Amino acid sequence: MPLYILKLQAQTSGHGNFQIFAPNTYELGRYGDVPVDLSSGIPQINLPILNFSDKDVNLDISLSYHASGIKVDQEATWVGLGWALNAGGVITREVRGLPDGYSGYNNAFVHRTVLTDFDGSSPANYYDLMRSDLNIAVSTNGTDNGADIFFYNFNGRAGKFFLDGDANAVLTKYEDFQVAFLRGSASGSNTNDYFVITDEKGVKYEFKEMEFSGALSGGIPYISAWYLSKITGPSGGEITIEYTTGGITSRLYQQRCYSQAYFAINSVTHSLPQIYTEPCVSMHYGISSIIPKKIKDPLGNYVEFITSSIPRRDSEGYIANQLDYLILYSNKQEQIKKFKFNYSYFEANNRHKFPVYGTGDPRSFLNFRLRLDSFQEISAEGQMDNAYRFEYFGDNNPETDDIYNLPYRLSPSQDHWGYYNGSLNSTIFPGNPADKPFHRDEWNLALGEYEGHPSLTYAVTNGGRREPDAEAVKACALNKIIYPTGGYTGFVFEPHESDGSGTPLSGGLKVRQIEKGDGISAPKITNYEYDNYRGSGGRCLFLDNSYYTWYWHKYAPDLGMYGNPEILMSFGVPEALAKSNESILKADGTPQLLLGSGANAYYLSVKESSPGNGWTIYDFSYDEDFMDGNREEIDGISTPGYFYSAFIDTYGRGGYPPFVRSMSGATCVFPFPYFLNNDWRRGHLQTKRTYSQENVLLAEDSIYYEIRALKAVPGYKIAQVDEGRFFYARYYDIGGMVKPVRQVSSVYNNDGSITRTTKNLYYNAVEHKQLTESRDYSSKDEEVRTRYYYPPEYGNTFSLLKGQHILSPIDVRSYKNGKLITGEQIQYNEKGLPQITYKAEAGGLDIAFNAQSPFTFTQKVSNVYNSDNTLRSQTLKDGTPIVYLWSYKGRYPVAQIQNALYEDVKAALNDGSESLITNLRNKSEPSADDLVVLSALRDNSLLKGAKVTIYTFKPLVGMTSQTDERGRTLSYEYDTFQRLKIIRNDNGDILENYQYHFKP
C-alpha cells in the first residue's frame, strides 16, 4: 500500500515520537484497540467471503467495517476507506521507548530500564549510580524505557499484549492462548524477531512476514507489524500465506508540517505566527508495506489476490495497491470462487481541497479517498451474481458544499478527536478565548520559574475551531448495505452526547437505529438509546487549557540570558526561543489518528427497542483509566512508585550539592508518563432486562465477574536536561483477567411467581485459569455441580498435550444433590485427537479424581487413526465397528464400512500391506476403477453383514454422490457459483431443486 497513517507515540498532544502505520495495518489494529459492541455504540459489520481450510485448521476471509466514524487524517486501505479485509492476521505495535526485540550482537532481549527512587536509605553513591543508569536510558543503544503495546487481530480474535523484561507476553485481558516472541535472523544490531501464537486447541499461528517503518525521530528503523504467515494444526493441517510489497518497497507517508508551535508572546504579540496558519503538508519516505498475494494449502489449492494495474488517485501514483479480485482455485487450476471489488472515490468539496500549486503538484491526491462501492461473485463462465452494494453519507459532489463530504486528508478542519467538524480552519492549532488562562507546566512551577508571576491570559484570535459538529462527524461514513438477495441493513448514526442537547461530548459515532429489510415485507427497526455516558481518558482535554502551555522564566543578568533555558529546552522549547524570551507559548495540534487510546466513549446502560416488541436494557461494567495518583498496588499486584515523577541533578551546581525533587506525576504532566488503559475492565455485560411493550418486566439476567490485575510491568518516560540533569516519571502496564463468576436468570411469570436459576463459576486450579467447576441451582434449590479437569492438572501424565498447549478437558463429571449423574473422560492421542471416550454408568459409583490414573469410567467409544491423522476405524458404545477409507489426499472419506473390522477390510481388498488403502488415501481423487473396487466390498464374503457407503466429492465445493449399502445413489449438482442446485436419485429423478432468486 502506498498510503500511510501518521501517529504520535503518546496519548497526550505533542508528547512523544512520530510513528507511522500502513493503512491496512492501522485498520486491522483498530479492532484490538477500540471495542465493537453496544457499550461503545459501535455495531459489528462483517461480511463473510469464504472459508479456506485444511484438516484441523481454517481461515475465514471476510470484509469488516469499523463504524466509529472516519477521521480526517484516515487513509483508505486496499479495499476502501473504513474497510478491512480479514485474510490472515496481523500483530502491530505502538513503540514505547526502544522497539522491543533481541540484540543482533549478544542474542539477548533488550534490557529494560530500572530506576531507584531516592529515599532516606539511598546509598552514598546514589547520584553516581543514577547518572549512569539515566545516561544509558537516554542512549539510542541503551536500555529500553518501556514495553511496546502489541495489537493482535487474527481469525476472529483481537486484543492487546505487551512483553515483560524476559520477553514473556502479558495479555492485557487474559485469553487461553500462548504468545511466544522468538529471536529471528540477525542483521547487524537488529534481528528479525517474530511471534508464534498457540491457541487452546494447539493450533499455531506464525507471524513472520514483517512490515518495516522508518526511524522514530532519528532512531533506528524497526518492525512495525508482523503479518500471519502460517497456520499449523496438531493433526497436520497447514495454511500458508504469501505476501508482496505491492510493487515498490520504499513508500511515502504524509504529515502536516507542524504538529506543535512554539512562539514568544507578550501583551502586544500573542497570535500564531503566519507560518503556522497556512496549509502545509510534507512528504517522507519511511515504510515498507506488504499485502497478501496467495493463501495456500499443501495440496496446491489456493486463494489469489489480484491487485489493480491502474494507479490510485488517492496515492502517489503507485500501482498494485487496490484489491480488484479475490479468486479461489483448486489444485487443478480450476476456478471455484471469484469475487470482484468495485470502487470509486470520495472527493473533497472544492472549497475544502488542498491548495495545490499548479497541475504538477503531487499533493492533489490528498483530495481523494478510495471508496468501496460494491463487491460481487463471478462464476467461472463469467456470469455475475448480484452484488453487495454500499451507501455512505455525502453526495460526493465536489461542486456542492455538502457537510457530509470530508475535506482533503490532513486538513485542519477537524475536532478534538480528529473527526471532521465542518470548519474552514487554516490551522490545526485552535484559537484561545481572552478569558481562558494558558496551562502552566507543573515542573516549570515546581522549579520556581513562575515565582511571583500570575497566570497569563491572552486571546489567540487566528487559531482554528476544534469543537465537534453533530452532522459533519458523519462525513463519508457507511449508512447502508444492500445484499445480493435484495435485502438491506440501514444504519442511523449520531454523535456521542449525554444530555440530549445534541452537542457532541466525545468524538466519533454511535448507532441510533438499525433497519433491516428483505425487500418484500415491512422492515424491522431496532432503536438504541444510551445512558450514563463515560468519556475515554488519554487526551488531556480536561486540563485547564489542553492546547496551550505557557512557559516563563526570569532574566539572569549574571548569565546574560533568561532563567535556565536548558530546562525549557528539555520541555521541547527551541533553543533560540528559550535563551532570548521571557514568555513562550506552546500550541499543540497533535493528530488523533492513533492506536492505544481505546474507544472515545462508553455507556453504562443501553436500551434496545423494536416498535411493538418491547425493549431490552443492557448494563455494562466500567472503570476509569489511571492517569494520575500514587497507587502502591492494584488488585493486590504491587506497583510501587506509580506515577512518581522526579527532577534529579546528579552533580549539583552553583555551589549546591546534588539533589532530587519529586512529585506525584500524571499522564498530562511532563515528561508525560503513559496512562493505564483500563478498557479491558469495561464493556462487560452485567445486566440484561427484557420488558414487554406494556412496560412489564419479563426476564432479567445478571452476570457478576472477577476482574483483577495479574501482572504489572514498570516503564519510564525520561528527558535529559543537560549533563547530569534529568526528568523521569514512572508508569505501569497491567495485564489482567476477566472471568464470569455468577450468573442469575429470572423469568417473571404471569401469575406473579418468579422462576430463577443461578450458576456459580469457579477457577480454582493453580496450573491454569480455565473453568474448574460450575454449580447450577434451580428455583427449587436443587444443585447440579459440574467439575472440569484439564491436562495441566495431571502432572506429567499428559505432557505431550501440555507441550502443544492443547487444553481440552480430560474429565467432566456432574453431580445432582451430591450424586453422580453424568461423567465423561476422553483419552487423547499426542495430536489432540480423541482415542477413547469413557462414560459414567447411570447410577454408577463415583471414583475420585486421580492424576496418576485418570480413566476410571466405562469405555464407550474408541478411535484409531492413520499416520496422517485421518480416522481409520471407530468402535461405538454398542460394540459396532466402523472402518473409514479416504482419498483426495486424506481430506475426504470415500467409504464408510459399518459392522466390519479394519483387518477384515484389508483382507477383503487383498491388501495385507495396506498399500492399496494408502495409495487411495494419497490420490488427488479416486479413479473409476477405485470406485468399482470399493463397490465390490458390498458383495465380498469376508464382509458379511457389513454396510458399505461410498462417497465422492468435488474438493472445495461439496459432496457429489453418496451410494448407500443397497447401491442406491444420491447425486448432488452445483450451479456455476458452486451452490447446491439439484439432488437426484439413481434413476435421475430430481428429489430437491434449489432456486436462488435475487432482487434487482
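The preceding data block contains the structure.
The structure presented is a predicted model; accordingly, all values stated were derived computationally and were not measured.

Q: In this structure, what is going on with the overall build of the protein chain? I would like to understand it.
A: Within the protein chain one finds 9 helices and 58 strands. Evaluated residue by residue, the protein chain yields a buried proportion of 56% over its 1000 residues. The contacts in the protein chain between residues at least 6 apart in sequence include a share of 62% that link residues at least 24 apart. Within the structure as shown, the protein chain displays about 40,600 Å² of accessible surface, and the carbon and sulfur contribution to it stands at 48%.

Q: Would you take a moment to explain the sheet that holds strand 5 (residues 83-86) for this structure?
A: In sheet architecture, strand pairing relies on hydrogen bonds along the backbone and comes in two forms, parallel and antiparallel. Reading across from one edge, 3-4-5 is the order of the 3 strands in this open sheet, with antiparallel pairing throughout. Looking at strand neighbours, the two that pair on one side only are strand 3 (44-54) and strand 5, the edges of this open sheet. Ignoring which end each strand starts from, the neighbouring axes of this sheet average 10° apart. Direction of pairing for strand 4 (residues 57-66) relative to strand 5: antiparallel, over a ladder of 4 bridges. Bridge assignment links L63 to a residue of strand 5, and that residue is L85.

Q: Just to check I follow, could you spell out the sheet that holds strand 34 (residues 583-588) for this structure?
A: A sheet is described by the order of its strands in space; here 4 strands give the open sequence 18-34-31-26, paired in mixed fashion. A strand with exactly one partner marks an edge of an open sheet, and here the two such strands are strand 18 (260-264) and strand 26 (439-440). In the sheet, strand 26 pairs with strand 31 (residues 548-552) via 2 bridges, with the strands oriented parallel. Residue pairing across strands places R440 opposite W550, the latter belonging to strand 31.

Q: Would you mind showing me how to read helix 8 (residues 915-922) here?
A: One turn of the α-helix equals 3.6 residues, which is why residues spaced by three or four share an orientation. By the burial criterion, the buried members of helix 8 are I917, L920 and R921. Angularly, the buried residues of helix 8 cover 100° about the axis, an arc narrow enough to put them on a single face. Looking at the buried side of helix 8, the elements it contacts are strand 52 (881-887), strand 53 (892-898), helix 7 (902-908) and helix 9 (928-935).

Q: Just checking my understanding: could you explain the pattern of salt bridges for this structure?
A: Pairing is possible between side chains that carry opposite charge, provided their charged atoms lie close to one another. This model, assessed by the stated rule, comprises 51 salt bridges. Of the charged contacts, one joins E242 and K296 as a salt bridge, the two residues approaching to 2.6 Å between their closest N and O atoms. Here E242, found in strand 16 (residues 238-244), pairs with K296, found in strand 20 (residues 291-296); they are 54 residues apart in sequence, far enough to count as distant. Judged by relative accessible area, which is 29%, E242 ranks as partly exposed. Looking at K296, the relative accessible area reads 27%, which means it is partly exposed.

Q: So what exactly am I meant to see when it comes to the environment of V179 here?
A: Residue position: V179 is located in strand 10 (residues 178-182). Here the alpha-carbon distance between V179 and I197, two residues 18 residues apart in the chain, equals 4.5 Å. If we skip the residues at most four places from it in the chain, V179 touches F161, A169, F195, V196 and I197.

Q: Looking at this structure, I do not really get the state of the cysteines. What am I missing?
A: Here, the word disulfide means a covalent bond between the sulfur atoms of two cysteines. Following the criterion strictly, the structure yields 1 disulfide and no others. Put simply, C257 and C280 are joined by a disulfide, and their sulfur atoms are 1.9 Å apart. Sign of the S-S torsion, about -65° for the bond between C257 and C280, identifies this disulfide as left-handed. Separated by 23 residues along the polypeptide, C257 in the loop between strand 17 (251-256) and strand 18 and C280 in the loop between strand 18 and strand 19 (281-288) bring together distant segments of the chain.

Q: Can you help me understand empty space enclosed by the protein in this one?
A: Picture a little ball the size of a water molecule; that probe, rolled over the atoms, points out where space is still empty. Within this structure, the stated rule accounts for 9 cavities of 30 Å³ or more. Here the second largest cavity defines a volume of roughly 160 Å³. Of all the elements in the fold, those that place two or more residues in the lining of the second largest cavity are strand 7 (149-154), strand 8 (157-163) and strand 43 (725-748). Residue contributions to the lining of the second largest cavity peak at 3 residues, all from strand 43. Grouping the amino acids of the lining of the second largest cavity by side-chain chemistry returns 8 nonpolar, 3 polar and 5 charged.

Q: What am I meant to see in the packing of aromatic side chains here?
A: Between two aromatic rings, the relevant description is the distance of the centres plus the angle of the planes. Taken as a whole, this structure holds 63 aromatic pairs when the rule is applied. With a centroid separation of 5.8 Å and an interplanar angle of 80°, the aromatic rings of F154 and F207 are classed as edge-to-face. Of this pair, F154 sits in strand 7 while F207 sits in strand 14 (residues 204-213), and the two are 53 residues apart along the sequence. Take F154 and F207: they sit in the same class, and that class is buried. Residues Y838 and F855 carry aromatic rings whose centres are separated by 5.1 Å and whose planes lie at 20° to one another, so their mutual orientation is stacked. Of this pair, Y838 sits in strand 49 (residues 834-839) while F855 sits in the loop between strand 49 and strand 50 (858-865), placing them 17 residues apart in sequence. Take Y838: its relative accessible area is 10%, and that puts it in the buried class. For F855, a relative accessible area of 22% puts it in the partly exposed group. Aromatic rings pair up to connect Y102, F109, F150, Y152, F154, F161, F177, F181, F195, Y205, F207 and W226 into one cluster. The ring of Y488 has K480 lying over it, and the distance from NZ or CZ to the ring centre is 4.7 Å. Above the ring of Y789, the side-chain terminus of R787 is found at 4.2 Å from the ring centroid.

Q: Any chance you could explain the pairing of strand 21 (residues 302-307) here in plain terms?
A: For a regular strand, the rule is simple: side chains alternate between the two faces of the sheet. Pairing geometry for strand 20 and strand 21, over 3 bridges, is antiparallel. Residue pairing in the sheet places K296 in a bridge with Y302 of strand 21. Connecting strand 20 to the next strand, strand 21, in antiparallel fashion are 5 residues, including G300 with a positive phi near 100°. Judged from the 6 bridges that link them, strand 21 and strand 22 (residues 323-329) form a sheet pairing that is antiparallel. Within the sheet, the bridge partner assigned to Y302 lies in strand 22 and is Y329.

The rules we used
- Residues numbered from 1 in each chain as written.
- Predicted model: local features only at pLDDT ≥ 70, side-chain atom pairs only at ≥ 80, totals over all residues.
- Heavy atoms only, no water.
- Helix = DSSP H or I, 4+ residues; strand = E, 2+ residues; numbered from the N terminus.
- Buried < 20%, exposed > 50% of the residue type's maximum accessible area, 1.4 Å probe, protein only.
- Contact = heavy atoms within 4.5 Å.
- Areas by Shrake-Rupley, 256 points an atom, 1.4 Å probe, with all protein chains shown as cover.
- Pairing = 2+ DSSP bridges.
- Axes fitted to C-alpha atoms, helices over the stretch in contact; angles between N-to-C directions.
- Arc of directions from axis to C-beta.
- Salt bridge = Lys/Arg side-chain N within 4 Å of Asp/Glu carboxyl O.
- Disulfide = S-S within 2.5 Å.
- 1 Å grid on protein atoms, 1.4 Å probe; cavity = no way out; pocket = protein on both sides within 12 Å on 5 of 7 lines; lining within 4 Å.
- Points joined across faces, edges and corners; volume = space filled by probe spheres on them.
- Nonpolar A, V, L, I, M, F, W, Y, C, P; charged D, E, K, R; others polar.
- Phe/Tyr/Trp six-rings, centres within 6.5 Å; stacked < 30°, edge-to-face > 60°.
- Lys NZ or Arg CZ within 6 Å of the ring centre and 35° of its normal.

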